[in-house]
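Architecture at a glance
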Amino acid sequence: KKMINKQILSKVLGKSTWTQLYQTQRQDFGRVRKIKIWKPAKYEAIPPYQKIVMKDPFEYPLRSREEVIKYQEENPPDFPFGFNITFDHENTPHGRDPGDHKVIMDFDMDTMKLTKLQRRRLIALLGPRYNGSSKFKLTCGWLPTREENILKLLEISRELYWEALRAP
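Below is a short write-up of the structure. (Residues numbered from 1 in each chain as written. Predicted model: local features only at pLDDT ≥ 70, side-chain atom pairs only at ≥ 80, totals over all residues. Heavy atoms only, no water.)

Digging into the nonpolar core
Nonpolar side chains in soluble globular proteins tend to be buried together. In terms of nonpolar packing, the biggest core is built from 19 residues, with Phe107, Met112, Leu122, Leu126, Phe136, Leu138 and Tyr161 touching the most fellow members. For this core, the secondary-structure elements that each account for two or more residues are strand E2 (103–108), helix H4 (116–126), strand E3 (135–140) and helix H5 (146–165). Residue contributions to this core peak at 6 residues, all from H5. In contact with phenylalanine 107, not counting residues within four places along its chain, are Phe79, Phe81, Met112, Ser134, Lys135, Phe136, Leu138 and Ser157. (Core = buried A, V, L, I, M, F, W, Y, C linked by side-chain atoms within 4.5 Å. Buried < 20%, exposed > 50% of the residue type's maximum accessible area, 1.4 Å probe, protein only. Helix = DSSP H or I, 4+ residues; strand = E, 2+ residues; numbered from the N terminus. Contact = heavy atoms within 4.5 Å.)

Some remarks on the sheet that holds strand E1 (residues 82–85)
Here we have 3 strands laid out as an open sheet, ordered E1-E2-E3, and antiparallel in their pairing. Two strands lie at the open edges of the sheet, namely E1 and E3, each paired on one side alone. The average angle at which neighbouring strand axes cross in this sheet is 25°, direction not considered. With respect to the sheet, H5 is in contact with E1, E2 and E3, its orientation differing from that of E2 by roughly 30°. (Pairing = 2+ DSSP bridges. Axes fitted to C-alpha atoms, helices over the stretch in contact; angles between N-to-C directions.)

Re unusual backbone geometry
Backbone geometry at lysine 113 places phi at a positive 55°, although glycine is not the residue there. Relative to the assigned elements, lysine 113 resides in the loop between E2 and H4. The exposure class assigned to lysine 113 is exposed, which follows from its relative accessible area of 60%.

Considering the environment of asparagine 84
Mapped onto the elements, asparagine 84 comes out in strand E1. The class for asparagine 84 is partly exposed, based on a relative accessible area of 38%. Spatially, the C-alpha atom of asparagine 84 lies 6.3 Å from that of methionine 105, the residues being 21 residues apart in sequence. Setting aside anything within four residues of it in sequence, one finds asparagine 84 in contact with Lys102, Val103, Ile104 and Asp106.

Following this line, the structure appears as structure tokens:
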């Protein structure tokens, strides 16, 4: 067997020549492949009782609708809210201004006298309408008249308030 000593060869040929020689020898014997190791994205062998599950922040017993209505009769809501109504009496050449019937209702959560859980529930119900402050707006403009939009907003706000009161 004829063996080539790396140290002797690198002294004689130089470092760059040695790497060229080594690469040509590798190509002669065939292509060297990298070993691919399959790694699963998710390890499925963990039984369900050992998996970490996030606790649902709203996992508590809710009060019934009748209890909420009874509570509201005993403690009627006395928080203020405001309406922003656009009055645009000028008719456009195409007919009525499309924003003429839009109604915006403003609320302040601090004046609603909600418990901590009720406030968190109201924030979850508001979704993207909640911007981090205690004030929020509800907007309605999809019904044809302003009066219908006001009634719809009053209905939506009542349902939101009652659903928030269902939390303990």
